[in-house]
Amino acid sequence: MTSPSPTSSLGPEQQALSDALRAEHAAVYAYGLIAAFSNPARIGDITTDAAAHRARRDATIDALTAAGVRAPAAESGYTMPFPVVDPISAIQLAAAVEADTAVAWRSVIERAESEHTRQAAVDALTETALRAANWRAILGTAPPTVPFPGQP
Amino acid sequence: MPVAVTPSPISRRSAFRIAGAASVGLTALALSAGCTSDSSDRDSSEPDPLISAAETARRDAATATAATALAPERAGALSVIASERGAHADALSAEVARAAGVDPTAMPSPSPTGSATEPAPPPPTIDELRTQLATSQRDAAGLARRLSGYRAGLLGSISAAVAAEQAVLLL
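Rules behind the numbers
- Residues numbered from 1 in each chain as written.
- Chains lettered and ligands numbered in written order.
- Predicted model: local features only at pLDDT ≥ 70, side-chain atom pairs only at ≥ 80, totals over all residues.
- Helix = DSSP H or I, 4+ residues; strand = E, 2+ residues; numbered from the N terminus.
- Rg over C-alpha atoms; globule rule 2.2 N^0.38 Å.
- Buried ≥ 20, exposed ≤ 12 C-beta atoms within 10 Å, placed from the backbone.
- Contact = placed C-beta atoms within 7 Å.
- Expected span 1.5 Å × (residues − 1).
- Nonpolar A, V, L, I, M, F, W, Y, C, P; charged D, E, K, R; others polar.
- Axes fitted to C-alpha atoms, helices over the stretch in contact; angles between N-to-C directions.
- Parallel < 35°, antiparallel > 145°, perpendicular 65-115°, else oblique.
- pLDDT = per-residue confidence, 0-100.
- Left-handed = near helix turned anticlockwise from the far one by under 90°.

1. Some words on the overall build of chain A
Broken down by element type, chain A carries 4 helices and 0 strands. Counting helices and strands in the order they occur from the N terminus, chain A gives α-α-α-α. In terms of overall size, chain A behaves like a compact globule, its C-alpha atoms giving a radius of gyration of 15 Å where 152 residues would be expected to give roughly 15 Å. Counting the 152 residues in chain A, one finds 47% classified as buried. Across chain A, every contact between residues at least 6 apart in sequence was considered, and the portion connecting residues at least 24 apart equals 72%.

Structural data, given as structure tokens:
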């Protein structure tokens, strides 16, 4: 999380998009781990969600590049918030990843300077809220939804 | 500029009066809200768009509660939807009050959500609730796109929550 990129020159929208991109990089990494430990019955959802994070990552790289900002690259490794050792902890990680990306995208909505970026961020937040609720439903969390997705 | 340390009882009383009006009908705040210069409002002569968003949230909460009559097997999910839409209405009302210059801490919590006081028409079906929530989701997303800062984030978050209510709670 501490990368000495030239962040001082970035505007609020670009900074928020860079943070969201870092969250998406971490999500893509985490879903690899989730797939490795999950119940094979869940592979369909996991594959779909991982693809969605890769698409969002790529779109965010494109947006930053178009704005003339050097998009932050993925880290070589990530520390998970808790050990992932079995199918349950794998799905718990999926829920945690979606909560993290939700925070990042809500921040983009708040700091965006164009309707286009806000629309993309609302879409991203909505998608991550849907995935989060799906994983929490699978975990049996009651209720599976939260009133304010992305509220830290 | 000196700031009064002890708030005068008169101003506090008037703050309560404004707050009371807000709890009865948010439209009472429309004019004063329109006068404040919030960065996200384009046309300062328009009423605060969050007022109608709050009313929509309260209506959805009431609809979800009323829908329990025809779908008692979904009572759990419907009560979560009613509670979330009630929380949305409260957060939107608080922001309306803040922008209007009413001290949010002096504001009594708005009328209880999800408990319609007037005799209700025939109870809504789950499909009707779905349709209503889909419209609310779209409207909140559209408002998020046009607003900025905290207000945009709040509306975007609410839109995402309403999407999850439809897709997961009303599956």
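2. Focus on the overall build of chain B
The number of helices and strands found in chain B is 6 helices and 0 strands. Residue burial in chain B is summarised as follows: out of 171 residues, 42% are buried. Nonlocal contacts in chain B, meaning residues at least 24 apart in sequence, comprise 72% of its contacts between residues at least 6 apart.

3. Some points on helix 4 (residues 75-100) of chain B
Taking 1.5 Å of rise per residue, 26 residues should cover 38 Å, and helix 4 of chain B covers 37 Å from first to last C-alpha, within 8% of that figure. Among the residues trailing helix 4 of chain B, Gly101(B) stands out with phi positive, at a value near 90 degrees.

4. Notes on the interface of chain B and chain A
Contact with chain B, which involves 23 residues of that partner, is made by 24 residues of chain A. Mapped by element, the contributors of at least two residues to the side of chain B that touches chain A are helix 4, helix 5 (126-146) and helix 6 (149-169) of chain B. In terms of residue count, the dominant contributor to the side of chain B that touches chain A is helix 6 of chain B (15 residues). By residue class, the composition of the side of chain B that touches chain A is 13 nonpolar, 6 polar and 4 charged.

5. Comments concerning the packing of helix 1 (residues 12-37) of chain A against helix 3 (residues 87-111) of chain A
Residue and element names in this part refer to chain A. Relative to each other, helix 1 and helix 3 sit at 170 degrees, their axes nearing to 9 Å. Between helix 1 and helix 3, the crossing angle belongs to the class labelled roughly antiparallel. Across the contact of helix 1 with helix 3, the residue classes tally to 18 nonpolar, 3 polar and 5 charged.

6. Description of the confidence of the model for chain A
Taken as a whole, chain A shows an average pLDDT of 94; of its residues, 95% reach a score of 70 or greater. Residue range residues 1-7 of chain A is modelled with pLDDT below 50. Its contacts to residues more than four positions away, or to other chains, number 3 contacts.

7. What about unusual backbone geometry?
For the bond from Ala142(A) to Pro143(A), the omega torsion is -10 degrees, close enough to zero to count as cis. Within the secondary structure, Pro143(A) is located in the segment after helix 4 (115-139).

8. Quick look at the environment of Leu64(A)
Along the chain, the position of Leu64(A) falls in helix 2 (residues 43-66). Residues Leu64(A) and Arg111(A), spaced 47 residues apart in sequence, show a C-alpha to C-alpha distance of 14 Å.

9. Quick look at the packing of helix 3 of chain A against helix 4 of chain A
Residue and element names in this part refer to chain A. Following both chains from N to C, one finds helix 3 and helix 4 inclined at 160 degrees, their axes separated by 8 Å at the closest point. When the axis of helix 3 is compared with that of helix 4, the two are roughly antiparallel. Every pair of crossing elements has a handedness; the one defined by helix 3 and helix 4 is left-handed. When the residues that make up the contact of helix 3 with helix 4 are grouped by side-chain class, the tally is 17 nonpolar, 4 polar and 5 charged.

10. Observations regarding the confidence of the model for chain B
Residue and element names in this part refer to chain B. On average, residues of chain B score 79 in pLDDT, and 63% of them are at 70 or above. Contacts of residues 1-42 to residues separated by more than four positions or lying in other chains number 60 contacts, the stretch itself having pLDDT below 50. Predicted as a complex, the structure gets a pTM of 0.81 and an ipTM equal to 0.93.

11. A few points about the environment of Ala62(B)
Along the chain, Ala62(B) falls in helix 3 (residues 49-67). Here the alpha-carbon distance between Ala62(B) and Ile126(B), two residues 64 residues apart in the chain, equals 13 Å.

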